[in-house]
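A closer look at the structure
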Amino acid sequence: MKTLYSIVVPLALSLLMGCGGSDHHLAPAKSLSYTDPTAAAGEWKLLKDAASTDTHLVLNLVGPSDGSTYRGIGFTLQADPALVKFARLPDPQGKPGGYYKDGGVFLDKEPFTSDHKEIPTNLQAGGVSNGKLMVGIFQKTDEELYGPEQGATAKDCSGVVLQVALDFDASLNASPGDVPLTVIKARVIPKSIGTILKRKTEDVTFKVGTLKLQ
């Protein structure tokens, strides 16, 4: 019996340890998946664009659908660089561009010129650093000269304000599982910026969906 015990116990332990450590032997992931968040009417969110593939995820920044209007938004999005990489989006010629793509929401007409030229959107992006993507897109207005009601009109942001992207990188050899994707900070320029009551940006609720490696 003593000999049998000395054989069975180590065998049982090795089986248990093998089961418990099976996660360490998973085959590397091969693709990305993203499930859109559930957001209330007054919240900003990142939604999957139809142009996404299994290895290239394009996310649309979409604003509130409650009728609120804004003059700009800036945010910092964080993802683990050991699992995924923020990607550059192509420019109109198909060449690698910046880490964001303007959706055109904040383009406007200059009300004080006879030819009504478009006011270019003022894009500001801190780029990518240590797994953090910093993006800002703001309306260029003449409020300081003409007042908040005479500059460019604040915009309904319920369409695609801008796009960002993430790439699956096979060279990372990451295992399947959830990828933390979080908004560290998000602030908007409200419609009434420049008035006595509203001279600062405001925090907003920003929902992000579930990102996975598969």
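Please read all numbers here as calculations on a predicted model, not as lab measurements. (Residues numbered from 1 in each chain as written. Predicted model: local features only at pLDDT ≥ 70, side-chain atom pairs only at ≥ 80, totals over all residues. Heavy atoms only, no water.)

Along the backbone of the protein chain there are two helices and 17 strands. Each of the 214 residues in the protein chain was classed as buried or not, and the buried ones make up 36%. Partitioning the contacts of the protein chain with sequence separation of at least 6, the portion at a separation of at least 24 is 69%. A total of about 12,400 Å² of accessible surface is found on the protein chain, and carbon and sulfur atoms cover 55% of it. (Helix = DSSP H or I, 4+ residues; strand = E, 2+ residues; numbered from the N terminus. Buried < 20%, exposed > 50% of the residue type's maximum accessible area, 1.4 Å probe, protein only. Contact = heavy atoms within 4.5 Å. Areas by Shrake-Rupley, 256 points an atom, 1.4 Å probe, with all protein chains shown as cover.)

The subject of this paragraph is the environment of Gly 63. Structurally, Gly 63 is set in the loop between strand S3 (56–62) and strand S4 (69–79). A residue is classified by how much of its surface remains accessible, and Gly 63, at 0% relative accessible area, is buried. Separated by 143 residues in sequence, Gly 63 and Phe 206 place their C-alpha atoms 8.9 Å apart. Ignoring any residue separated from it by four or fewer positions in sequence, one finds Gly 63 in contact with Glu 43, Trp 44, Lys 45, Cys 157, Ser 158 and Gly 159.

The next thing to look at is the side chain of Glu 43. Looking at the secondary structure, you find Glu 43 in the loop between strand S1 (32–35) and strand S2 (44–48). At 2.8 Å, the side chain of Glu 43 and the backbone nitrogen of Ala 40 are in polar contact. A polar atom in the side chain of Glu 43 sits 3.2 Å from the side chain of Lys 207. What Glu 43 contacts, discounting residues up to four positions off in sequence, is Thr 38, Val 62, Gly 63, Pro 64, Thr 205 and Lys 207. (Polar contact = N/O pair within 3.5 Å; in protein donor to acceptor, adjacent residues only side chain to side chain.)

The next point concerns the pattern of salt bridges. Inspection of every chain in the model, using the stated rule, returns three salt bridges. Note that Lys 212 and Asp 178 form a salt bridge whose closest N and O atoms lie 2.4 Å from each other. Within this pair, whereas Lys 212 is found in strand S17 (residues 210–213), its partner Asp 178 is found in strand S13 (residues 177–179), the two being separated by 34 residues in sequence. Residue class for Asp 178 comes out exposed when judged on its relative accessible area of 52%. Of the charged contacts in the structure, one is a salt bridge between Arg 187 and Asp 203, with a shortest N-O distance of 2.5 Å. Taken as a pair, Arg 187 in strand S14 (residues 181–190) and Asp 203 in strand S15 (residues 202–203) lie far apart in primary sequence, 16 residues in all. On the basis of relative accessibility, which here comes to 56%, the residue Asp 203 falls in the exposed class. (Salt bridge = Lys/Arg side-chain N within 4 Å of Asp/Glu carboxyl O.)

By secondary structure assignment, the location of Asn 60 is in strand S3. Judged by relative accessible area, which is 7%, Asn 60 ranks as buried. A polar atom in the side chain of Asn 60 sits 2.8 Å from the side chain of Gln 163. Contacts of Asn 60, omitting those with residues within four sequence positions, involve Lys 45, Leu 46, Leu 47, Lys 48, Asp 49, Val 160, Leu 162 and Gln 163.

Pairing is antiparallel across the open sheet formed by three strands, whose spatial order is S1-S17-S13. Bordering the open sheet on either side are S1 and S13, each of which pairs with just one other strand. Looking at each pair of strands side by side, their axes are set apart by 35° on average, direction ignored. Here S13 runs beside S17; their pairing, made up of three bridges, is antiparallel. Within S17, the residue paired with Val 179 across the bridge is Leu 211. (Pairing = 2+ DSSP bridges. Axes fitted to C-alpha atoms, helices over the stretch in contact; angles between N-to-C directions.)

Classification of Lys 212 as partly exposed rests on a relative accessible area of 33%. The spacing of Lys 212 and Val 84 is 128 residues in sequence and 9.9 Å in space, taken between C-alpha atoms. Among all residues touching Lys 212, those that are not within four sequence positions of it are Ser 31, Leu 32, Ser 33, Gly 177, Asp 178 and Val 179. For Lys 212, the side chain forms a polar contact with the side chain of Asp 178, separated by 2.4 Å.

Quick look at the pairing of S14 now. The two faces of a sheet get side chains in turn, since along a regular strand they alternate between them. Here S4 pairs with S14 via nine bridges, running antiparallel. Residue Gly 74 lies in a different strand from S14, and its bridge partner there is Arg 187. Here S14 runs beside S15; their pairing, made up of two bridges, is antiparallel. Bridging from a neighbouring strand, Val 188 pairs with Glu 202 of S15.

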